[in-house]
Amino acid sequence: MIDIIMEMWSFVFIQRAIIVGLLVSLCAALLGVSLVLKRYAMIGTGLSHVGFAAMAIAMAIDGMVVAGLNISADPLLISLVVVVIAAFFLLRLNESSRIKGDSAVALISTSALAIGVIIISATSGLNTDTCNVMFGSILAMARADVYLSVGLSITVVVLFVLFYKQLFAVTYDETFAKATGTRVEVYKSLLALLTAVTVVLGMRMMGAMLIASLTIFPALSAMRLCKRFLSVVITAAVIAVICFFAGMVLSYQWALPPGASVVAVNLAIFITFSGIAFVKQGGRT
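All residue numbers refer to positions counted from 1 along the written sequence of the respective chain. Residues qualify for local features only when their pLDDT is at least 70, as the model is predicted, and side-chain atom pairs are given and counted only at 80 or more; totals for whole chains, interfaces and linings, by contrast, use all residues. Only hydrogens and water are set aside when side-chain values are computed; all heavy atoms of the structure are taken into account.

## A look at the nonpolar core
Working step 1: Counting residues in hydrophobic clusters, the biggest one holds 86 residues, and the most contacted among them are M8, V33, L47, L90, M205, M206 and L214.
Working step 2: Any two residues having at least one pair of non-hydrogen atoms within 4.5 Å are treated as being in contact. Contacts of L47, omitting those with residues within four sequence positions, involve V83, A86, A87, T195, A196 and V199. In this description, a nonpolar core means a group of buried Ala, Val, Leu, Ile, Met, Phe, Trp, Tyr and Cys residues linked to one another through side-chain atoms lying within 4.5 Å. Summary of the burial criterion: residues with accessible area below 20% of their type's maximum are buried, those above 50% are exposed, and those between are partly exposed, where the area comes from a 1.4 Å probe applied to protein chains only.

## A short note on the packing of helix α3 (residues 43–61) against helix α10 (residues 184–206)
Working step 1: Interhelical geometry of α3 versus α10 gives an angle of 65 degrees and a closest axis separation of 9 Å. Every pair of crossing elements has a handedness; the one defined by α3 and α10 is right-handed. Only T195, A196, V199, M203 and R204 of α10 make contact with α3, whose side of the interface consists of I43, G44, L47, S48, G51, F52 and M55.
Working step 2: As a working rule, the residues Ala, Val, Leu, Ile, Met, Phe, Trp, Tyr, Cys and Pro are called nonpolar, Asp, Glu, Lys and Arg charged, and the rest polar, with Gly in that last group. Its residues assigned to classes, the contact of α3 with α10 shows 7 nonpolar, 4 polar and 1 charged. Note on geometry: axes are lines fitted to C-alpha atoms, helical ones only across the stretch in contact, with angles between N-to-C directions running from 0 to 180 degrees. Each helix is a run of DSSP H or I of at least 4 residues and each strand a run of E of at least 2, with the numbering of both proceeding from the N terminus. Whether a crossing is left-handed or right-handed is set by the direction in which the near helix is turned from the far one by less than a right angle, anticlockwise for left-handed and clockwise for right-handed.

## Observations concerning the packing of aromatic side chains
Working step 1: Here a pair means two rings of Phe, Tyr or Trp (six-membered ring of Trp) with centres within 6.5 Å. Their orientation is stacked below 30 degrees between planes, edge-to-face above 60, and tilted elsewhere. Taken as a whole and judged by the stated rule, the model has 10 aromatic pairs.
Working step 2: Each ring, one from F11 and one from Y252, has its centre 6.4 Å from the other, and the planes form 50 degrees; the classification is tilted. Here the residue F11 occupies a position in the loop between α1 (2–9) and α2 (12–37), and Y252 occupies one in helix α12 (residues 229–254), the gap between them amounting to 241 residues.
Working step 3: The class of F11 is partly exposed, set by a relative accessible area of 33%.
Working step 4: For Y252, a relative accessible area of 27% puts it in the partly exposed group.

The following block contains the structure:
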């Protein structure tokens, strides 16, 4: 096993993938606990589909010539801006509309996915780039994307740690948090912002179809055995990091898709933790 890991580390593109993947997995796990507890776990899927539509638009207009000007569009930056806007819109829609929770996510998710597919079909068609957006292409990240991903991931972790108490209060009881003077709307917006950034970064490694697994699986696995919020957060973070690294090793050794391998390892951990919890509870579900 050590030989395989050393061999993997000898490739620069795998080094980039592991560094970015570990950081993004950590971010997703930290935020995932709050999202799962607030019954908003599928927001990752909704925002990733919005990111897919944004990337489709960026890919379509990149290189176009309009009025003699050559348009250059960075898919990652465009997706980041669009997904952040969508996250705040989804937050407002959930609060001020009759369309709530999963219904709001499903509405935005399916609409954005349809728009993205239409744009791609009308321009470049379903090619390799499209598959990379749908299912991830972490091994093909450029150096500039790596620097941006690392910087944003560190920012997400730092902000989560700094405002941990406020995010905890908003997650468990918004009414009590308001009564104690916590600016609930500000921290809900912060949670939406951090989630949007993490989703965009995660799309490069997991794709639009699999990104939700990074937020859902570690949190659910940790909740099988842990009961306190802090212990769930820490356990979820450890699980996410281990599962990503194990998934990358399996991907390298057996020539499997990296994103799907990471999801498979997460699924195995969830089943294992669920079995342990079942035994500890004496067979009670």
